[in-house]
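A structural walkthrough
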Amino acid sequence: MPATPTITGAVLGTALHAPSRGRLELLADSVFAIGADGAIESIHGGASPEGAALVARHRAARTLRELEAGQYLLPGLIDLHVHAPQWPQRGLALDHPLEVWLQQYTFPLESRYADLAFANSVYEDLVDNLLANGTTTALYYASIHLPATQRLADICLRRSQRALIGRVAMDHPDQCPAYYRDASAAAAEADTRTFIEYVEALPGNARGFIKPVITPRFIPSCTDELLYRLGALARATGCHVQTHCSESDWAHGFVHSRCGVSDTAALNRFGLLSRNTILAHGNFIGDDDIGLLVASGTGIAHCPLSNFYFSDAVLPLRSLLDRNVHVGLGTDIAGGASPSILDNARHAILSSRALESGVDPRQDRATRRRESARIDVPTAFWLATAAGGIALDLPVGVFKPGFQFDALLIDPEVPGSNLRLAADDPPHDVLQKIIYGASRVNVREVWVAGRSVHTA
Ligand SMILES: [Zn+2]
């Protein structure tokens, strides 16, 4: 069982980040000084007088991490949608529609987390793998089980993975099997409250490194009473909220027929939209829904790989960004089989290109395509990092003073690497090669809040 790592004093090397949508910035040969709270205190050129003094001081104190030429520091990757208990079924049953996948595969698996030993082994392995892939912040769905969800919080805190974690609430007898549902709306709310109190009282979590998340699974799984209760709880506590919204034809249509309005409008009615809310998917949200998202500050977790399997459509990502909706990326394990946000950044580019080109060659070019739907590589990188931080309203995803030092080190010179970088590659080319060519083997080291939490 690894102990909580200590904070690195300073890092000297070259970094790439995307401080705003579509804008790439190279911080060449820079020294990043890190404070005791894990935040970046200052960034200076390593050869500047201030930088040289910092390097000398930290070198003398043996608190300097010096990166090698050809290595690149990136902001830590942010996963806005991951179902922790579904880790064992990645890649399985993806040929079924969402409602069948849930009832026949996912609910039986999630019900097994009543067994705390099983939960412990899966969650340890999951957190280990996400960190190894460079995911420094994760927004987790757990299961309905309070002890297993508390264990996930314990593991993330001990491993120093920044995490927002929800104990899943689902009480609707028509859509949740008897073996895997809350006994009542009141019981689901009570367990949610208990989990919030547990996380807030966790020893070592005084700064809110681990955050509790109010998590109605999605409207079909929950009674109106439960949704109203959780909306009131969200207002009373200010906690983050996560749920699914308008993912597929079935989910979108189901909510409309039950509630008489769109998924987004229904969630708003239940009091569940806020600056701290993240909605997974949102493929079928309409123009009026977008207005509600912008007015409330609600964010979208775009899960491009999962969408190819379960959503019946591609998210009109660029039109959401153009209307200033907060959007970040999610793996949607296990609807998406990859634990890598880098993979999903690639998929976000590809799905936006598919939307722009159209996919059915029998359709006339003019009717099969959607104008101006594509995103570029720097935008995908921004979605994977800074935009995820914005959606969560956390100071992560960018290298600047006051922001947390959450980072991964990309190293092209490792065995099994597909990545080839040339010394004279301009920053934009470096980023393109990393987005399209880097994989887990290239993630040499990972830091969260200034702590080195993974080395390969
Ligand atoms: Zn999901």
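Up top is the structure.
Here's what I pulled together on the structure shown here.

The rules we used
- Residues numbered from 1 in each chain as written.
- Predicted model: local features only at pLDDT ≥ 70, side-chain atom pairs only at ≥ 80, totals over all residues.
- Heavy atoms only, no water.
- Helix = DSSP H or I, 4+ residues; strand = E, 2+ residues; numbered from the N terminus.
- Rg over C-alpha atoms; globule rule 2.2 N^0.38 Å.
- Buried < 20%, exposed > 50% of the residue type's maximum accessible area, 1.4 Å probe, protein only.
- Areas by Shrake-Rupley, 256 points an atom, 1.4 Å probe, with all protein chains shown as cover.
- Lys, Arg positive; Asp, Glu negative; His and termini not counted.
- Charge placed at Lys NZ, Arg CZ, Asp CG, Glu CD.
- Pairing = 2+ DSSP bridges.
- Salt bridge = Lys/Arg side-chain N within 4 Å of Asp/Glu carboxyl O.
- Polar contact = N/O pair within 3.5 Å; in protein donor to acceptor, adjacent residues only side chain to side chain.
- Axes fitted to C-alpha atoms, helices over the stretch in contact; angles between N-to-C directions.
- Contact = heavy atoms within 4.5 Å.
- Donors = N, O, S within 2.8 Å, 3.2 Å for Na, K, Ca; no water.
- Tetrahedral: all angles 85-135°; square planar, octahedral: opposite > 155°, others 65-115°.
- Left-handed = near helix turned anticlockwise from the far one by under 90°.
- Nonpolar A, V, L, I, M, F, W, Y, C, P; charged D, E, K, R; others polar.
- Core = buried A, V, L, I, M, F, W, Y, C linked by side-chain atoms within 4.5 Å.
- Phe/Tyr/Trp six-rings, centres within 6.5 Å; stacked < 30°, edge-to-face > 60°.
- Lys NZ or Arg CZ within 6 Å of the ring centre and 35° of its normal.

**Here's the deal with the overall build of the protein chain**
When helices and strands are counted, the protein chain shows 16 helices and 16 strands. The C-alpha atoms of the protein chain give a radius of gyration of 22 Å, which matches the 23 Å a tight globule of 456 residues would have. When its C-alpha atoms are laid out on the principal axes, the protein chain stretches across 65 × 60 × 40 Å. Taken over 456 residues, the protein chain has a buried fraction of 60%. Element-wise, carbon and sulfur atoms account for 51% of the exposed surface of the protein chain, whose accessible area totals about 17000 Å². With 39 positive and 48 negative side-chain charges, the protein chain shows a spacing of 3 Å between the two charge centroids.

**What about the pairing of strand E16 (residues 451-455)?**
When a strand is regular, its side chains alternate between the sheet's two faces. Where strand E15 (residues 443-448) meets E16, 4 bridges bridge the pair, whose relative direction is antiparallel. In the sheet register, Glu445 faces E16, and the bridge partner there is Thr455. The antiparallel hairpin formed by E15 and E16 contains 2 residues in its connecting segment, where Ala449 sits at a positive phi of about 50°.

**Topic: the pattern of salt bridges**
One pass over the structure, following the stated rule, counts 23 salt bridges. Of the charged contacts, one joins Arg151 and Asp154 as a salt bridge, the two residues approaching to 4.0 Å between their closest N and O atoms. With Arg151 and Asp154 both in helix H4 (residues 146-159), this residue pair falls 3 residues apart, about one helical turn. Among the residues examined, Asp154 registers a relative accessible area of 25% and is labelled partly exposed. The closest approach of N and O atoms between Asp360 and Arg362, which form a salt bridge, is 3.2 Å. Relative accessible area serves as the criterion here: at 75%, Arg362 is assigned to the exposed category. The network of salt bridges with common partners includes Glu189, Arg193, Glu225 and Arg229.

**Regarding the side chain of Arg346**
Tracing the chain through its elements places Arg346 in helix H12 (residues 341-357). Assessed through its relative accessible area of 14%, Arg346 is described here as buried. Polar contacts involving the side chain of Arg346 include one to the main-chain carbonyl oxygen of Ala438, which spans 2.6 Å.

**Overview of the sheet that holds strand E7 (residues 135-141)**
Spatial strand order, E6-E7-E8-E9-E10-E11-E12-E13: 8 strands in an open sheet with parallel pairing. With partners counted over all chains shown, the strands left at the sheet margins are strand E6 (77-83) and strand E13 (326-329), one partner each. Geometrically, the sheet is characterised by an average inter-axis angle of 25° between neighbouring strands, direction not taken into account. Running over the sheet, helix H6 (residues 224-237) touches strand E8 (162-169), strand E9 (210-216) and strand E10 (240-245) and is turned about 155° from E9.

**As for the coordination of the zinc ion**
Listed as protein donors to the zinc ion are His81 (NE2), His83 (NE2), His244 (NE2) and Asp332 (OD); their distances from the metal cover 2.0 to 2.7 Å. For the zinc ion, the 4 donor atoms in the first shell make angles of 82 to 168° at the metal, a pattern classed as irregular. Since its relative accessible area comes to 8%, His244 is described here as buried.

**Points about the packing of helix H14 (residues 377-384) against helix H16 (residues 427-437)**
Relative orientation of the contacting elements H14 and H16 amounts to 65°, with a least axis distance of 10 Å. Regarding H14 and H16, the two cross each other, and that crossing is left-handed. Seen from H14, the contacting residues are Val377, Pro378 and Phe381; seen from H16, they are His428, Leu431, Gln432, Ile435 and Tyr436. Split into classes, the residues belonging to the contact of H14 with H16 amount to 6 nonpolar, 2 polar and no charged.

**So, the nonpolar core**
By size, the foremost hydrophobic cluster in this structure holds 115 residues, and its most contacted members are Tyr123, Tyr140, Leu152, Ile165, Ile210 and Leu383. For this core, the element with the highest residue contribution is helix H3 (residues 116-132), accounting for 8 residues. Setting aside chain neighbours within four positions, we find Ile210 in contact with Ala153, Cys156, Leu157, Gln161, Ala163, Ile165, Val199 and Asn205. Within the second largest apolar cluster, 13 residues are counted, among which are Leu27, Phe32, Leu67 and Ala407.

**Some words on the packing of aromatic side chains**
Applying the stated criterion across every chain yields a total of 11 aromatic pairs. Between Tyr113 and Phe118, the ring centres sit 4.9 Å apart and the planes meet at 55°, which makes this aromatic pair tilted. Pair check on accessibility: Tyr113 and Phe118 agree, each one buried. Seen from their ring centres, Tyr113 and Tyr123 are 5.3 Å apart, and the 20° between their planes marks the pair as stacked. Of this pair, Tyr113 sits in the loop between helix H2 (98-111) and H3 while Tyr123 sits in helix H3, and the two are 10 residues apart along the sequence. We note that Tyr113, like Tyr123, is buried. Positioned above the aromatic ring of Trp87, the side-chain terminus of Arg90 is 4.0 Å from the ring centre. Cation over ring: Arg112 sits above Phe118, and NZ or CZ is 4.0 Å from the ring centre.

**Notes on the environment of Ala380**
You can see Ala380 is positioned in helix H14. Put simply, Ala380 and Glu68 are 312 residues apart on the chain and 26 Å apart in space, counted from C-alpha to C-alpha. Apart from the residues lying within four places of it in its own chain, the contact partners of Ala380 are Leu329, Ala345, Ile349 and Ile375.

**Focus on unusual backbone geometry**
That bond from Ile333 to Ala334 is cis: its omega, 10°, falls within 30 degrees of zero. Checked against the element boundaries, Ala334 lands in the loop between E13 and H12. A positive phi is found at Asp393, a non-glycine position, where the angle reads about 60°. By secondary structure assignment, the location of Asp393 is in the loop between helix H15 (386-392) and strand E14 (407-410). Backbone geometry at Ala449 places phi at a positive 50°, although glycine is not the residue there. You can see Ala449 is positioned in the loop between E15 and E16.

It is worth stressing that arrangement in space is one thing and function is another; only the former is reported here.
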